[in-house]
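Examination of the molecular architecture
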Amino acid sequence: WRERVELAERDAGIAADDVERVRNAMADGAAKQRELDTAEQRAIAADRIVVAAREELNKVPARRAGLKGSRASQDANLQLAQLNIDRCRIRSPIAGVLQSVDVKPGEMVASGRRVARVVGLDRIEVPLLLPASARPDVAIGDPVVLADAAIESRQWDARIARIAPEDDATTRTMTVYAELSGGAVPLAPGRFVRGTVDAGDAAPRQAIPRRAVRGDRVYVVRDGRVQQREVKPAFNLAGSIEELGLPDTAWVVLAEPLPEGDLVVLDGSRSLPVGAPALAVGSDGNALRAEAIERRPPLRAEERVP
């Protein structure tokens with residue numbers, strides 16, 4: 001800016017000399033008023049440049065002082081940030097495995113922002129959907145067996161820790177939360193599992209093959225004749241029941257047992273005339289004698305799965 005002021009002053013001096021020469025020439029009659037006006041305009045423009053250059057030169061000390069103050073402020077902020085770094089420690093509220101980090105080194109982190117995700121496997125909660133009708137039979141603390149959807153043999157033992165207070169009106173289901181502790185083969189969060197809940201209060205129930213039920217009715221043989229009985233299913237059960245000696249894997253558990261002595265016709269899809277005489281034949285193909293039927297206890301299945 002000093003060099004600019006010097007150059008501007010020289011330019012202004014030349015413009016002033018030019019005005020003086022034109023004025024002398026005009027006095028001798030060798031110049032006109034228009035030439036004098038043009039020379040004075042150039043002189044005024046040169047003076048204006050000198051004034052602007054001097055103003056900028058006079059601002060330099062104030063700018064230097066302001067920059068020194070800004071630098072001192074930034075140095076103070078740097079020292080404060082270094083003190084914060086020295087006394088700052090990021091600790092996870094739980095023990096687990098570091099899955100991801102959301103920030104990079106040197107990035108400014110606001111208070112309350114998540115910096116990392118830690119997954120703890122010591123205690124895992126699994127939500128399970130059960131039929132809404134099972135609510136009276138399920139209680140906190142009931143055992144749950146979780147099985148891998150892909151590997152059936154991989155299972156985990158858990159217990160019900162919480163029960164949702166409301167039912168889903170759309171799916172007619174209730175949500176229970178099974179809690180388990182991490183074992184040798186931990187259950188990874190996000191894995192699909194199938195849960196089997198054992199009711200805390202077991203009660204004896206009768207189970208008949210699903211194929212024997214036709215429209216909430218079953219055919220039975222009693223006193224050598226075909227009869228029909230209305231049945232009220234409590235719930236369905238999947239799997240084999242070895243005690244009954246049948247190959248069926250789909251069962252209907254009855255809310256109320258059939259009268260003692262009724263022999264259930266396994267194939268309920270056939271239409272049989274009620275009252276027609278019939279010979280009861282067991283699942284092994286042998287005819288059942290009356291005295292053998294009287295000695296045989298009613299076949300029952302213990303209710304385990306709501």
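The structure this text deals with has already been given above.
Here's a quick rundown of the structure.

One way to put it is that helix H1 (residues 2-27) packs onto helix H2 (residues 33-87) with a least axis distance of 8 Å and a crossing angle of 160 degrees. As the angle between them shows, H1 and H2 are arranged roughly antiparallel. For the crossing formed where H1 meets H2, the hand is left-handed.

What follows covers the environment of threonine 249. Looking at the secondary structure, you find threonine 249 in the loop between strand E12 (233-238) and strand E13 (250-254). Expressed as a C-alpha distance, the spacing of threonine 249 and arginine 210, which sit 39 residues apart in the sequence, is 8.6 Å. Residues in contact with threonine 249, not counting those within four places in the same chain, are Leu237, Ala238, Gly239 and Ser240.

Inspection of the secondary structure puts alanine 116 in strand E2 (residues 116-119). The class for alanine 116 is partly exposed, based on a relative accessible area of 27%. The spatial distance from the C-alpha of alanine 116 to the C-alpha of aspartate 102 is 5.4 Å, given a sequence separation of 14 residues. Beyond its immediate chain neighbours, meaning those up to four positions away, alanine 116 contacts Leu98, Ser100, Val101 and Asp102.

What follows concerns the layout of surface pockets. Roughly 560 Å³ of internal volume is contained in the second largest pocket. Broken down by class, the residue content of the lining of the second largest pocket amounts to ten nonpolar, four polar and three charged.

Here we come to the sheet that holds strand E5 (residues 155-168). Within a sheet, adjacent strands bond to each other through the backbone by hydrogen bonds, running parallel or antiparallel. Ordered by their spatial adjacency, five strands build an open sheet running E3-E6-E5-E4-E7, and the pairing between neighbours is antiparallel. Of all strands in the sheet, those with a lone pairing partner are strand E3 (123-131) and strand E7 (193-197), marking the two edges. With strand direction ignored, the average angle separating the axes of adjacent strands in the sheet is 40 degrees. With five bridges joining them, strand E4 (residues 143-148) and E5 adopt antiparallel strand pairing. In the strand pairing of E5, valine 145 is matched with aspartate 157.

For the coordinates displayed, the defined rule picks out zero aromatic pairs. Above the ring of tryptophan 1, the side-chain terminus of arginine 4 is found at 4.5 Å from the ring centroid. Lying over the aromatic face of tyrosine 177, arginine 162 brings its terminal NZ or CZ to 4.0 Å of the ring centre.

All right, on to the sheet that holds E13 then. Taken together, three strands build an open sheet; the order of strands is E9-E13-E12 and the sheet is antiparallel. Edge positions in the sheet fall to strand E9 (207-209) and E12, since each has one partner strand and no second. In this sheet, adjacent strand axes meet at a mean angle of 30 degrees when their direction is disregarded. Taken together, the five bridges between E12 and E13 define a ladder with antiparallel strand orientation. Paired with proline 233 across the two strands is leucine 254, which belongs to E13.

Calculation rules
- Residues numbered from 1 in each chain as written.
- Predicted model: local features only at pLDDT ≥ 70, side-chain atom pairs only at ≥ 80, totals over all residues.
- Heavy atoms only, no water.
- Axes fitted to C-alpha atoms, helices over the stretch in contact; angles between N-to-C directions.
- Helix = DSSP H or I, 4+ residues; strand = E, 2+ residues; numbered from the N terminus.
- Parallel < 35°, antiparallel > 145°, perpendicular 65-115°, else oblique.
- Left-handed = near helix turned anticlockwise from the far one by under 90°.
- Contact = heavy atoms within 4.5 Å.
- Buried < 20%, exposed > 50% of the residue type's maximum accessible area, 1.4 Å probe, protein only.
- 1 Å grid on protein atoms, 1.4 Å probe; cavity = no way out; pocket = protein on both sides within 12 Å on 5 of 7 lines; lining within 4 Å.
- Points joined across faces, edges and corners; volume = space filled by probe spheres on them.
- Nonpolar A, V, L, I, M, F, W, Y, C, P; charged D, E, K, R; others polar.
- Pairing = 2+ DSSP bridges.
- Phe/Tyr/Trp six-rings, centres within 6.5 Å; stacked < 30°, edge-to-face > 60°.
- Lys NZ or Arg CZ within 6 Å of the ring centre and 35° of its normal.

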